[in-house]
Amino acid sequence: MPVQSLVCPDTATRVSSVLNRDVKHFGKQHLFDGSEETCWNSDQGTSQWVTLHFPRPVKLSQLHIQFQGGFSSRLCTLEGCRTGEELVKISELYPQDSHAMQSFQVQETVLDELKITFGSSTDFFGRVVVYHLEVLGERL
């Protein structure tokens, strides 16, 4: 079966923070809107994160992410689990500090929840700016 976006309108998304709590301009909804003009912008602090809870099980296989250069993460840790279970580490990714879309193959994993932790920001204050986030695989 071909890979497809696993994020749908029923996917529950949470983020660690939003710059100045300005959800309208910098909120999580901008991670998936496909616009070059909008982004999720975290507030300052270490270990920013995004969690996705899918409405039904999915098989994760790829992650595509576009940061703003200077506000990216040197280390992204992916953790996942099935409903009712504890998160377990799936993969560690090492993105470039670039505005380009970056693609990563990840170990195929069946899960209901995915947590992406941005552990090492290139910004002095720990902010992370993400223009696009695509989670790809197979809906089960």
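Values in this document were obtained by computation on a predicted structure and should not be read as measured data. (Residues numbered from 1 in each chain as written. Predicted model: local features only at pLDDT ≥ 70, side-chain atom pairs only at ≥ 80, totals over all residues. Heavy atoms only, no water.)

(A) Spotlight on the packing of aromatic side chains. The full count for this structure, using the stated rule, is three aromatic pairs. Residues tryptophan 40 and phenylalanine 118 carry aromatic rings whose centres are separated by 6.1 Å and whose planes lie at 40° to one another, so their mutual orientation is tilted. One end of the pair, tryptophan 40, is in strand S3 (residues 40-41); the other, phenylalanine 118, is in strand S7 (residues 102-118), with 78 residues separating them in the sequence. On the basis of relative accessible area, phenylalanine 118 is assigned to the buried category, the value being 2%. An angle of 80° between the planes, with centres 5.9 Å apart, marks the rings of phenylalanine 67 and phenylalanine 118 as edge-to-face. (Phe/Tyr/Trp six-rings, centres within 6.5 Å; stacked < 30°, edge-to-face > 60°. Helix = DSSP H or I, 4+ residues; strand = E, 2+ residues; numbered from the N terminus. Buried < 20%, exposed > 50% of the residue type's maximum accessible area, 1.4 Å probe, protein only.)

(B) Inspection of unusual backbone geometry at higher detail. Of note in the backbone geometry, asparagine 20 takes a positive phi value of approximately 55° without being a glycine. The phi dihedral of arginine 21 falls on the positive side, at around 55°, and the residue is not glycine. Following the sequence through the fold, arginine 21 ends up in the loop between strand S2 (12-15) and helix H1 (23-26). Using a relative accessible area of 77% as the deciding quantity, one classes arginine 21 as exposed.

(C) The state of the cysteines, seen in detail. Under the defined criterion, the tally for this structure stands at zero disulfides. Free cysteine cysteine 8: the closest other cysteine sulfur is in cysteine 81, separated by 17 Å. Between cysteine 39, a free cysteine, and cysteine 76, which holds the nearest cysteine sulfur, the sulfur-to-sulfur gap is 16 Å. Among the residues examined, cysteine 39 registers a relative accessible area of 7% and is labelled buried. (Disulfide = S-S within 2.5 Å.)

(D) Quick look at the pairing of strand S5 (residues 76-81). Within S5, five of the six residues are buried, leaving the element largely enclosed by the surrounding structure. Note that S5 and strand S6 (residues 88-93) share five bridges and pair antiparallel. Each residue of the ladder has a partner; that of leucine 78, found in S6, is serine 91. A loop of six residues connects S5 with S6, the two strands running antiparallel in sequence, and glycine 84 in this loop sits at a positive phi of about 85°. (Pairing = 2+ DSSP bridges.)

(E) Representation of the side chain of threonine 38 in the model. With respect to the helices and strands, threonine 38 occurs in the loop between H1 and S3. Overall, threonine 38 belongs to the buried group, its relative accessible area being 18%. A distance of 3.5 Å separates a polar atom in the side chain of threonine 38 from a polar atom in the side chain of histidine 30. Side-chain polar atoms of threonine 38 contact the side chain of aspartate 33, separated by 2.5 Å. (Polar contact = N/O pair within 3.5 Å; in protein donor to acceptor, adjacent residues only side chain to side chain.)

(F) Main features of the pattern of salt bridges. Under the defined criterion, the tally for this structure stands at three salt bridges. For the salt bridge of aspartate 112 with arginine 82, the shortest nitrogen-to-oxygen distance reads 2.9 Å. With a gap of 30 residues between them, aspartate 112 in strand S7 and arginine 82 in the loop between S5 and S6 connect regions that are remote in the sequence. With relative accessibility at 32%, the residue arginine 82 sits in the partly exposed group. Measuring nitrogen to oxygen at the nearest pair gives 2.8 Å for the salt bridge that ties arginine 127 to aspartate 123. Given the relative accessible area of 23%, arginine 127 is considered partly exposed. When its relative accessible area of 11% is taken as the criterion, aspartate 123 is described as buried. (Salt bridge = Lys/Arg side-chain N within 4 Å of Asp/Glu carboxyl O.)

By themselves, these are just geometric observations and shouldn't be taken as functional.
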